[in-house]
Amino acid sequence: KYESPINRVDTKEEQIALTFDVAWGSENIEDILDILDKYNAKATFFLVGSWIDDNEDLVKEIHNRGHEIGNHSNTHTSFTEISKENKEDELLITSTKIKNITGDDVNLFRPPFGNVDKETIDICKSLGYHTIKWDVDSGDWKNIGSTYILERVSKNTKPGSIILFHASSRDVS
């Protein structure tokens, strides 16, 4: 048995965490940021390094609007299928890219596809990362339509929930 990723926060407060995985596509980022601003809400954006390379201005915009940025690997590969060295590289390369743009250290990691194993958790812990998953999957990556997504999220969300969204409908967490 190994330490589990964080799937939700144990609280009675009426608070949730909105999270967006960003692996490709940038067409929705500004709209997402504008909607979050409209409702004075903050979110965590888990960014893939290869996406960062093509979207430095959007990384700055996410940061400048006060949202948290987490690491979603460099190439969006399954961490249960790569070597320890590759896991470390995937984490460190992406965090360096984020720090070079924002000036901030990164301490949150969301594994692509939600795939983790003991080695991944141990590496994350040794490098100072919290491994963050979710307890509510919006299902937006299935292209199921906004009505179904809204119903799915509202029905399954409770205080402390971490909700998984994607910035582009082509994403697969």
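Conventions and cut-offs
Residues numbered from 1 in each chain as written. Predicted model: local features only at pLDDT ≥ 70, side-chain atom pairs only at ≥ 80, totals over all residues. Heavy atoms only, no water. Salt bridge = Lys/Arg side-chain N within 4 Å of Asp/Glu carboxyl O. Buried < 20%, exposed > 50% of the residue type's maximum accessible area, 1.4 Å probe, protein only. Core = buried A, V, L, I, M, F, W, Y, C linked by side-chain atoms within 4.5 Å. Helix = DSSP H or I, 4+ residues; strand = E, 2+ residues; numbered from the N terminus. Arc of directions from axis to C-beta. Contact = heavy atoms within 4.5 Å. Pairing = 2+ DSSP bridges. Phe/Tyr/Trp six-rings, centres within 6.5 Å; stacked < 30°, edge-to-face > 60°. Lys NZ or Arg CZ within 6 Å of the ring centre and 35° of its normal.

Q: Any chance you could explain the pattern of salt bridges here in plain terms?
A: Opposite charge on two side chains makes pairing possible when the charged atoms of those side chains draw close. According to the stated counting rule, one finds 13 salt bridges in the structure shown. Note that E61 and R65 form a salt bridge whose closest N and O atoms lie 2.7 Å from each other. We classify R65 as buried; its relative accessible area is 16%. One network of salt bridges, with partners in common, ties together E30, D34, D37, E61 and R65.

Q: Looking at this structure, how should I read the nonpolar core?
A: Soluble globular proteins tend to bury their nonpolar side chains together. Membership of the largest hydrophobic core comes to 33 residues, with the highest contact counts inside it found for I29, F45, L47, W51 and I62. Per element, the largest residue contribution to this core is 4 residues, and it comes from helix α1 (residues 29-38). Among the nonpolar cores identified, the runner-up in size contains 6 residues, and F46, L108, W134 and I162 belong to it.

Q: Got a minute to help me understand α1 in this structure?
A: Two residues of an α-helix separated by three or four positions point the same way, owing to the 3.6 residues in each turn. Buried residues of α1: I29, I32, L33 and L36, and no others. Projection of α1 onto a plane perpendicular to its axis shows the buried side chains occupying an angular sector of 95°, all on one side. Those residues of α1 that are buried are in contact with β1 (17-22), β2 (43-47), α2 (49-54) and α3 (56-64). N40 sits one or two residues past α1 and shows a positive phi near 50°.

Q: Could you clarify how one ought to interpret the pairing of β2 in this entry?
A: Looking along a regular strand, one sees the side chains alternate between the two faces of the sheet. Across the 5 residues that make up β2, a large majority, 5, are buried. Judged by which residues are buried, β2 turns out to be covered on both faces: A43, F45 and L47 on one side and T44 and F46 on the other are all buried. Sheet topology note: the β1/β2 ladder contains 5 bridges and is parallel. The residue bridging T19 from the neighbouring strand is T44, located in β2. Pairing analysis gives 4 bridges linking β2 to strand β3 (residues 68-71), with the strands arranged parallel. Bridge pairing in β3 links L47 to N71.

Q: Explanation requested: the packing of aromatic side chains in the structure shown.
A: Each aromatic ring pair is summarised here by two numbers: the centre-to-centre distance and the angle between the ring planes. Taken as a whole and judged by the stated rule, the model has 3 aromatic pairs. Judged by centre distance (5.5 Å) and plane angle (25°), the rings of F20 and F165 are stacked. With F20 in strand β1 and F165 in strand β7 (residues 162-166), this residue pair connects regions lying 145 residues apart in the sequence. Across the pair, exposure class does not vary: F20 and F165 are buried alike. Measuring from centroid to centroid gives 4.9 Å for F79 and F109, while their planes differ by 45°, and the two rings are tilted. Of this pair, F79 sits in the loop between β3 and α4 (84-102) while F109 sits in strand β4 (residues 108-109), and the two are 30 residues apart along the sequence. Here the two residues F79 and F109 agree in accessibility, since each one is buried. Ring pairing ties together the aromatic residues F20, F45 and F165, which thus form one cluster. In this structure, K133 is placed above the aromatic ring of W134, and the distance from its NZ or CZ to the ring centre is 6.0 Å.

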